2 protein chains.
Amino acid sequence: MPTYTAPVKDMDFVLHDLLKVTEQDVPGYADLDRSFTQAILEEAGKLASEVLAPLNAVGDREGCRLENGVVRTPTGFKAAFEAMKDGGWNGLDLPEEYGGQNMPYVVGTAVGEMFVSANMAFNMYQGLTHGAINAILTAGSDEQKATYLPKMVSLEWTGTMNLTEPHCGTDLGLMRTRAEPQADGSYAITGQKIFISAGDHDMAENIIHLVLAKAPGGGEGTRGVSLFIVPKFLVNPDGSLGARNPVSVGKIEEKMGIHGNATCVLNYDGAKGFLIGDLHKGMKAMFVMMNEARIGVGLQGYAQAEAAYQNALAYAKDRLQGRAVTGAENPAGPADPLIVHPDIRRNLMDQKSFVEGARAFTFWGAHLIDRGHRLGDTAAEGLISLMTPVIKGFQTDKGFEMAVAAQQVYGGHGYIEEWGMSQFARDARIAMIYEGANGIQALDLVGRKLAADGGKHVMAFFDMVKAECKAHEGDDRMTGFVEPLKLASKQMQTAGLYFMQNAMKNPNAALSGSYDFMHLMGHVCLGLMWTRMARAAYDALEAGAADRDFYQAKIATGRYYMARHLPACTMHLARIESGADPVMSLAADHF
Amino acid sequence: MPTYTAPVKDMDFVLHDLLKVTEQDVPGYADLDRSFTQAILEEAGKLASEVLAPLNAVGDREGCRLENGVVRTPTGFKAAFEAMKDGGWNGLDLPEEYGGQNMPYVVGTAVGEMFVSANMAFNMYQGLTHGAINAILTAGSDEQKATYLPKMVSLEWTGTMNLTEPHCGTDLGLMRTRAEPQADGSYAITGQKIFISAGDHDMAENIIHLVLAKAPGGGEGTRGVSLFIVPKFLVNPDGSLGARNPVSVGKIEEKMGIHGNATCVLNYDGAKGFLIGDLHKGMKAMFVMMNEARIGVGLQGYAQAEAAYQNALAYAKDRLQGRAVTGAENPAGPADPLIVHPDIRRNLMDQKSFVEGARAFTFWGAHLIDRGHRLGDTAAEGLISLMTPVIKGFQTDKGFEMAVAAQQVYGGHGYIEEWGMSQFARDARIAMIYEGANGIQALDLVGRKLAADGGKHVMAFFDMVKAECKAHEGDDRMTGFVEPLKLASKQMQTAGLYFMQNAMKNPNAALSGSYDFMHLMGHVCLGLMWTRMARAAYDALEAGAADRDFYQAKIATGRYYMARHLPACTMHLARIESGADPVMSLAADHF
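Residues numbered from 1 in each chain as written. Chains lettered and ligands numbered in written order. Predicted model: local features only at pLDDT ≥ 70, side-chain atom pairs only at ≥ 80, totals over all residues. Heavy atoms only, no water.

Regarding its fold elements, chain A presents 19 helices and 11 strands. Compactness check: chain A gives a C-alpha radius of gyration of 24 Å against a globular reference of 25 Å for 591 residues, within 12% of the reference. Counting over 591 residues, chain A shows a buried share of 65%. For chain A, restricting intrachain contacts to residue pairs at least 6 apart in sequence, the fraction spanning at least 24 positions comes to 74%. Approximately 20,100 Å² of chain A is accessible, and the part contributed by carbon and sulfur atoms is 52%. (Helix = DSSP H or I, 4+ residues; strand = E, 2+ residues; numbered from the N terminus. Rg over C-alpha atoms; globule rule 2.2 N^0.38 Å. Buried < 20%, exposed > 50% of the residue type's maximum accessible area, 1.4 Å probe, protein only. Contact = heavy atoms within 4.5 Å. Areas by Shrake-Rupley, 256 points an atom, 1.4 Å probe, with all protein chains shown as cover.)

As structure tokens, this is what we get:
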């Protein structure tokens, strides 16, 4: 059975050696000294490894059941949810005014990674709530905030997002759920929503559904869409729970993974809903929720890979099979451990260097969000808006790939459910699909984000890479980082130029390469992170840091990423530059 | 629910336009004219699509059950197995003397692809039997052949392969199962074997287990290993079934996929076994079985991708979502079909061009086997021995990747089991693991096959590629094929040279790049196939072939492969040339 140990030391490195949080001018960051963040991380890590991780396989095996219209979560989930509530973890980075602790988002992200690694399906009950809270914080009225937020921050109530319908996923303009205005100012919501994560369960008193629906007079397509709050139980003026709203669970979907989370079909039969934000402006409010959710999903990608990697590493050190080609390393035993074999190491290093790079990238993204929210730093906002599809799309693709790679280390045992490695792969798979399938992320990146604000955010990113390379000129230690980063960044620029030169004549020339561009950019981002991490590690070593092995391993892992992951950029550029013809030339009938 | 249609037309193309089977000097090939092979393929295709495919999801959902020591297969499997028996499909490419039809292996491969695409788990009952038959054909005595083969060819009895034990998979030298010589010349087999596919079931009267075990006096490691026939029921001299042998099912494993196949723990408690082949030479006999099995597994890789692709394509044509960026293509409908979107096409073309290339490669491999078996062509034998790890390792990796890509086309529905796309990915996953995990295939390729017979087989392959390129010099139509193939082949040579120059000093320099080399070589092989297929398609068009759309689509699909898949070679070479340092430098303790 897999286990999980929170990577506190590595998170400490990212927060303090890499991001140097206490030196940043962001309100709230000054408090984040090493001992303080370490205490938080260790406490969260304990919950993750001792309470959540042991329930991961239970949730997978038992799944959720629909009994008399009510969803029953797997054995132990309710108690774990109480522990999560008691620890106040959901409110960690939420406003004090609604019961939160107002800590920076970067801290919430670190803690979130642990919970996701330990038990992704379980953590989604809280994760969706977090997203719904953000939407209400952004678009809700003061009364709505007062009514819903305190109970949601404390996890007494949870939240959901309702977008998809059977015939419409990405194309929300096709939506059929209707909102009829009522005399009392509320709306009667009628329609069917599918794929509603945490759509119902038995761990909270109430569930606050945020539902997209079409109210009269909004016109065609997504313009007619508004956002509504539809509580499972209506809330009386005194805050107590009132009538059961007619929203019911049609069924729980049988999925490839995340069995511990109830993915529901929800039927709204004239349920009472309350408009949130402006009428017919529901997409805007939903996007607020979705952007943070996309970063959360990008985190799921590498967090599953982290959990899978930890176990693959332990197995590779433990399992005796064959002998090192350079001579026995465990001569007293019947065979050497798997980790002596170069191809096993290649596999493990692939995983390790991706996960640590993605962690740095995601925490940096969270830091950019903090700069936006807490400082009003519009450059940071522009940058994270550009990075969001990369964090989501690239990291979930690679995260799944790495979970599959970790499974491979186990040989035949990796395929047997009892060993738990299949679950990491099956759970990680969904992250490539939901919150906008990765093809949509690539479209968002190339079709929208690259050119946003006259392209200034991507130019700022290139400047950042350039400055990083320049800062290490003449530093021989950094050659293995700077040279590959320069090349990859140049390839990304070449790809961008190719799009600019060809997209006017033929938009398909850009869109045919969008997926490759997302991956190319992902590697440049992680390459930048690794260059910065290497520099930070060298600095720490020079400053006489105690844990020399850790910092040296960090540098070696970075060298691996630059030597073995970054060459993918050359491939992606070649694919991009082959243009639209290979992709578009075959008529649909001739496939 | 997914459906399956046998790709008869494409198989016809590979057999007749590409391989030109009737023009080959292989005994039995002269009979294979188009109308004859088409009749076989259509008949097999009917069984595949009408009988096997509808049971695929049933097998996945129900799995196998162990009841009072007997394995029960899913609903409908027994009747389908009878249909398979009645059609005589198992004997298609087996000797007439034991009841087979003695057709070439290349025909058996085509038919096998259909059965695997339609229902991989089901087909394994027959597939393992086929492998066991080959081992008995090669290593068995005349008496053993007469006793076992007729019933196995007819599928009245099935077969299994027993290698793995709980503590030893790849490293068979660690084996603990013992064989004690008995007074009657038989052996008493005692030990536990795991991961035994088709290990028990209720569809055949008897099961013939081929079991590796250690007999006394053989020394340490794999040298002491012998191969034994251990029937579930002993066979009386008159051919009737005798006593139940003490081999019992410990449990059926819960797996990620192929639920319809019973993967058993088998306990041998002094079971009566009969030595097959020479004492202490069991590994040799087992390898006979394993080599064909590896090609069969490589076939599973792309056959699952084929089935997944067919359904993804149908969904992409059917599902309406969004509008083409170049203007509505279905203006009368509420949205355009998915297939108008460049990234969906990119995904579909990735799948299609891989599957068709892999089919050609595998059929070509089967043709090489026919040349070896039927003509004693040692050059062909050397070549297929070199190609086997590539067919197995490369094609199962890519096949899984493509099944996952097909799942992605469905968006959220791809994650819901009801839609069936998850099963293709879950089933395909095992092919990367069993019959030697893909890391072992890469080791076999680089550590053994490249240098075998003084490297003459790989040199022959390079000459073949060179000749193919030379044949098209000055033919402008072929530029998009010849140039990328030349480059990729050169990259493969450079990688080989790198291994030669560095492996003497440091074997890890070669082994660190073995996995990348396997993929690099896979692309060169498929690139060669696509170049040949393009030429064949042009020839057919010039000859005035009726189905011009088919041949033009073939060329367009090939162009896609060359433009979009082959650039991976540059990445693999860069990874290889980064050498052992990035892979080996981190001490195991510092991971």
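Let's pick the thread back up.
On to the layout of surface pockets, then. Gaps between atoms show up when a probe of the same size as a water molecule is rolled over them. Here the second largest pocket defines a volume of roughly 1,200 Å³. If you trace the second largest pocket, you find 37 residues lining it, with A:Glu254, A:Lys255, A:His259, B:Asp60 and B:His259 closest to the centre. Only helix H3 (56-62) and helix H11 (421-431) of chain A together with helix H3 (56-62) and helix H11 (421-431) of chain B provide two or more residues apiece to the lining of the second largest pocket. A breakdown of the residues in the lining of the second largest pocket according to their chemical character gives 10 nonpolar, nine polar and 18 charged. (1 Å grid on protein atoms, 1.4 Å probe; cavity = no way out; pocket = protein on both sides within 12 Å on 5 of 7 lines; lining within 4 Å. Points joined across faces, edges and corners; volume = space filled by probe spheres on them. Nonpolar A, V, L, I, M, F, W, Y, C, P; charged D, E, K, R; others polar.)

A few words now on the side chain of A:Asp93. All names here are of chain A. Tracing the chain through its elements places aspartate 93 in the loop between helix H4 (77-86) and helix H5 (105-118). Although aspartate 93 lies buried, it forms no salt bridge, and the closest oppositely charged side chain, arginine 374, sits 7.8 Å away as judged by the N-O distance. Here histidine 130 takes part through its side chain, which lies 2.8 Å from a polar atom of the side chain of aspartate 93. For aspartate 93, the residues in contact, after removing those within four places along its chain, are Asn102, Met103, Pro104, Tyr105, Gly108 and His130. (Lys, Arg positive; Asp, Glu negative; His and termini not counted. Salt bridge = Lys/Arg side-chain N within 4 Å of Asp/Glu carboxyl O. Polar contact = N/O pair within 3.5 Å; in protein donor to acceptor, adjacent residues only side chain to side chain.)

Counting residues at the interface gives 93 residues for chain A, matched by 93 residues for chain B. Among the residues chain A hides against chain B, the three largest losses belong to A:Tyr415, A:Arg564 and A:Phe591. Together they make up 13% of the total. At the junction of chain A and chain B, the tally comes to six salt bridges. Residue B:Asp350 pairs with A:Arg575 through a salt bridge whose shortest N-O separation is 3.4 Å. Applying the counting criterion to the chain A and chain B interface returns 48 residue pairs in polar contact (both at pLDDT 80 or more). Taken together, the residues that form the side of chain A that touches chain B break down as 45 nonpolar, 26 polar and 22 charged. (Buried area = accessible area lost by both parts, 1.4 Å probe.)

Turning to the nonpolar core, a few remarks are in order. In this structure, A:Met387 and B:Met387 are the most contacted members of the largest nonpolar core, which totals 412 residues. Those residues in contact with B:Met387, other than ones at most four positions away along the chain, are B:Phe361, B:Trp364, B:Phe461, B:Met521 and B:Cys525. (Core = buried A, V, L, I, M, F, W, Y, C linked by side-chain atoms within 4.5 Å.)

Each packed pair of helices is defined by two parameters, the angle between the axes and the distance between the axes. Residue and element names in this part refer to chain B. In contact at an axis separation of 9 Å, helix H10 (residues 378-409) and helix H12 (residues 438-449) are set at 155° when each is read in the N-to-C sense. Compared by their axis directions, H10 and H12 come out roughly antiparallel. As H10 runs across H12, the sense of the crossing is left-handed. Counted together, Ser385, Leu386, Pro389, Val390, Lys392, Gly393, Thr396 and Asp397 of H10 and Asn438, Gln441, Asp444, Leu445 and Lys449 of H12 form the full contact between these two elements. Taken together, the residues of the contact of H10 with H12 break down into four nonpolar, five polar and four charged. (Axes fitted to C-alpha atoms, helices over the stretch in contact; angles between N-to-C directions. Parallel < 35°, antiparallel > 145°, perpendicular 65-115°, else oblique. Left-handed = near helix turned anticlockwise from the far one by under 90°.)

Another point: the relation of the copies chain A and chain B. When chain A is fitted to chain B, the residual RMSD is 0.0 Å, and the transformation amounts to a turn of 180° plus an axial shift of 0.0 Å. Read as a symmetry element, the transformation amounts to a two-fold axis. Rotation axis and chain A: the residue whose C-alpha lies nearest the axis is A:Met571, separated from it by 3.0 Å. Of all interface residues in chain A, 100% are interface residues in chain B too; the two copies therefore contact each other through one and the same surface. (Least-squares fit on C-alpha atoms with pLDDT ≥ 70 in both.)

Take unusual backbone geometry next. At A:His280, a residue that is not glycine, the phi angle is positive and equals roughly 65°. The residue A:His280 is located in the loop between strand S11 (263-276) and helix H8 (282-318) in this model. If you check the backbone angles, B:Leu155 has positive phi at about 70° while not being a glycine. With respect to the helices and strands, the residue B:Leu155 is situated in the loop between helix H7 (142-153) and strand S3 (157-162). Taking relative accessible area as the criterion, B:Leu155 reaches 0% and is therefore assigned buried.

Let us look at the pairing of strand S4 (residues 178-181) of chain B. Residue and element names in this part refer to chain B. Inspection of the sheet shows S4 paired to strand S5 (residues 187-197) by four bridges, in the antiparallel sense. Its bridge partner lying in S5, proline 181 is registered against tyrosine 187. Here S4 hands over to S5 after five residues, with glycine 185 in that stretch at a positive phi of 90°. (Pairing = 2+ DSSP bridges.)

Summary statistics for chain A give a mean pLDDT of 96 and a share of 100% for residues scoring 70 or more. Listed scores for the predicted complex are pTM 0.98 and ipTM 0.97. (pLDDT = per-residue confidence, 0-100.)

Scanning all chains against the criterion turns up 33 aromatic pairs over all chains. Note on A:Tyr498 and A:Phe499: the rings are 6.5 Å apart at their centroids and 65° apart in plane angle, and the pair reads as edge-to-face. This pair shows no difference in class: A:Tyr498 is buried, exactly as A:Phe499 is. Joined through ring pairs, the aromatic side chains of A:Phe13, A:Phe550 and A:Tyr551 make up one cluster. A:Arg532 extends its terminal NZ or CZ atom over the ring of A:Trp364, reaching a point 5.6 Å from the ring centre. Taking NZ or CZ as reference, B:Arg477 lies 4.2 Å from the ring centre of B:Tyr538, over its face. (Phe/Tyr/Trp six-rings, centres within 6.5 Å; stacked < 30°, edge-to-face > 60°. Lys NZ or Arg CZ within 6 Å of the ring centre and 35° of its normal.)

Residue and element names in this part refer to chain B. By the criterion of burial, strand S6 (residues 206-214) is predominantly enclosed, with eight of the nine residues buried. When S3 meets S6, the two strands line up parallel, connected through six bridges. Its bridge partner being in S6, methionine 161 is matched across the sheet by leucine 210. Strand direction decides the pairing type here: S6 and strand S7 (residues 225-231), joined by seven bridges, are antiparallel. Within S7, the residue paired with leucine 210 across the bridge is isoleucine 229.

Bringing the pattern of salt bridges into the picture now. Pairing of side chains with opposite charge becomes possible as their charged atoms draw close. All names here are of chain A. Scanning the entire structure with this criterion turns up 74 salt bridges over all chains. Here aspartate 60 makes a salt bridge to arginine 426, at a shortest N to O gap of 2.7 Å. Placement of aspartate 60 in helix H3 and of arginine 426 in helix H11 is noted, with a sequence separation of 366 residues between them. With respect to burial, aspartate 60 and arginine 426 carry one shared label: buried. Arginine 72 serves as the salt-bridge partner of aspartate 202, at 3.9 Å between the closest nitrogen and oxygen. On the criterion of sequence distance, the pair formed by aspartate 202 in the loop between strand S5 (187-197) and strand S6 (206-214) and arginine 72 in strand S2 (residues 70-72) is long-range, its members being 130 residues apart. Salt bridges sharing partners connect three or more residues here, namely Asp10, Glu113, Glu306, Lys352, Glu356, Arg359 and Lys554.

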